[in-house]
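Each chain is listed here by its residues.
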Amino acid sequence: GRSTKYYSPLTKLALSEFHVMSSLDAIRTKGAQGYLQEDSSSINFRDSVGSLFYSGTSDILRNLIASHLGVDGV
């Protein structure tokens with residue numbers, strides 16, 4: 001019975017941002033090999049960066065969340 005106008009963008013934003021952060025952590029753990037080799041870490045990182053754009057850019061999602069919270073001038 002709750003409106004999804006706030007929770008949907010919030011969930012999309014959080015998941016896409018956390019996906020990028022966890023992918024970067026996986027690459028950093030492997031060091032230079034994480035950047036240079038074609039393994040699951042580098043492939044996952046490239047996919048995670050694309051997730052920032054697939055479901056709406058992070059800026060648009062932030063604006064939707066801010067407008068729901070009543071913040072002006074975003």
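About the cut-offs
- The residue count restarts for each chain, going from 1 along the sequence in the order it is written.
- Given that this is a predicted model, residues contribute local features only at a pLDDT of at least 70 and side-chain atom pairs are listed and counted only at 80 or more, while totals for whole chains, interfaces and linings are drawn from all residues.
- Calculated side-chain values reflect all of the structure's heavy atoms, with hydrogen atoms and water omitted.
- We count a stretch as a helix when DSSP gives it H or I for four or more residues in a row; a strand needs E for two or more, and each element gets its number in order from the N terminus.
- Here the radius of gyration uses the C-alpha set of atoms, whereas the globule reference equals 2.2 Å times the residue count to the power 0.38.
- Three exposure classes are used, based on accessible area relative to the maximum for each residue type with a 1.4 Å probe and protein chains only: buried under 20%, partly exposed in between, and exposed over 50%.
- We call two residues contacting when some pair of their heavy atoms lies within 4.5 Å.
- Only the protein chains shown count as cover for residues, and the accessible areas themselves come from Shrake-Rupley with a 1.4 Å probe.
- Under the counting rule used here, the positive set is Lys and Arg, the negative set is Asp and Glu, and His together with the chain ends is not counted.
- Where a charge lies is defined by one atom per residue type: Lys uses NZ, Arg uses CZ, Asp uses CG and Glu uses CD.
- What qualifies as a polar contact is a pair of N or O atoms within 3.5 Å, subject to a donor-acceptor requirement within protein and to the restriction that residues adjacent in sequence count only when both atoms come from side chains.
- What counts as a ring pair is set by centres within 6.5 Å for rings of Phe, Tyr and Trp (its six-membered ring), and what kind of pair is set by the plane angle: stacked under 30 degrees, edge-to-face over 60, tilted for all other angles.
- The convention used is that axes are lines fitted to C-alpha atoms, helices contributing only their stretch in contact, and that angles between N-to-C directions extend from 0 to 180 degrees.
- Put simply, angles under 35 degrees are roughly parallel, angles over 145 are roughly antiparallel, angles from 65 to 115 are roughly perpendicular, and the rest are oblique.
- Crossing handedness is read from the near helix: turned anticlockwise from the far helix by less than a right angle, it gives a left-handed crossing, and turned clockwise, a right-handed one.
- All residues other than Ala, Val, Leu, Ile, Met, Phe, Trp, Tyr, Cys, Pro, Asp, Glu, Lys and Arg, Gly among them, are scored as polar; the first ten of these are nonpolar and the last four charged.

Quick word on the overall build of the chain
Across its full length, the chain holds 4 helices and 0 strands. In the chain, the succession of α and β elements from N to C terminus is α-α-α-α. Compactness check: the chain gives a C-alpha radius of gyration of 16 Å against a globular reference of 11 Å for 74 residues, more than 25% above the reference. Sorting the 74 residues of the chain into buried and exposed places 26% on the buried side. Put simply, of all contacts in the chain between residues at least 6 apart along the chain, 60% involve residues at least 24 apart. Counting only carbon and sulfur atoms, one obtains 60% of the accessible surface of the chain, whose full area is about 5300 Å². Taking the average place of the 7 positive charges on the side chains of the chain and the average place of its 7 negative ones, the gap between the two points comes to 7 Å.

Section: the side chain of serine 23
Structurally, the position occupied by serine 23 is in helix α1 (residues 4–30). Within polar-contact distance, the side chain of serine 23 engages the side chain of serine 48 at 3.5 Å. Each residue touching serine 23, except ones within four places of it in the same chain, is listed here: Asn44, Phe45 and Ser48.

Thoughts on the packing of aromatic side chains
Enumeration according to the criterion identifies 1 aromatic pair in this entry. Relative to tyrosine 7, the ring of tyrosine 6 has its centre 5.2 Å away and its plane inclined at 70°; by these criteria the two rings are edge-to-face. For tyrosine 7, a relative accessible area of 41% translates into the label partly exposed.

A word on the packing of α1 against helix α3 (residues 40–54)
With their axes 9 Å apart at the nearest point, α1 and α3 run at an angle of 155° to one another. Considering their axes alone, α1 and α3 lie roughly antiparallel with respect to each other. Helix-helix and strand crossings are classified by hand; for α1 and α3 the assignment is left-handed. On α3, the residues that touch Ser16, Glu17, His19, Val20, Ser23, Leu24, Ala26, Ile27 and Lys30 of α1 are Ser41, Ser42, Asn44, Phe45, Asp47, Ser48, Val49, Ser51 and Leu52. Each residue belonging to the contact of α1 with α3 can be placed in one class, and the counts come to 7 nonpolar, 8 polar and 3 charged.

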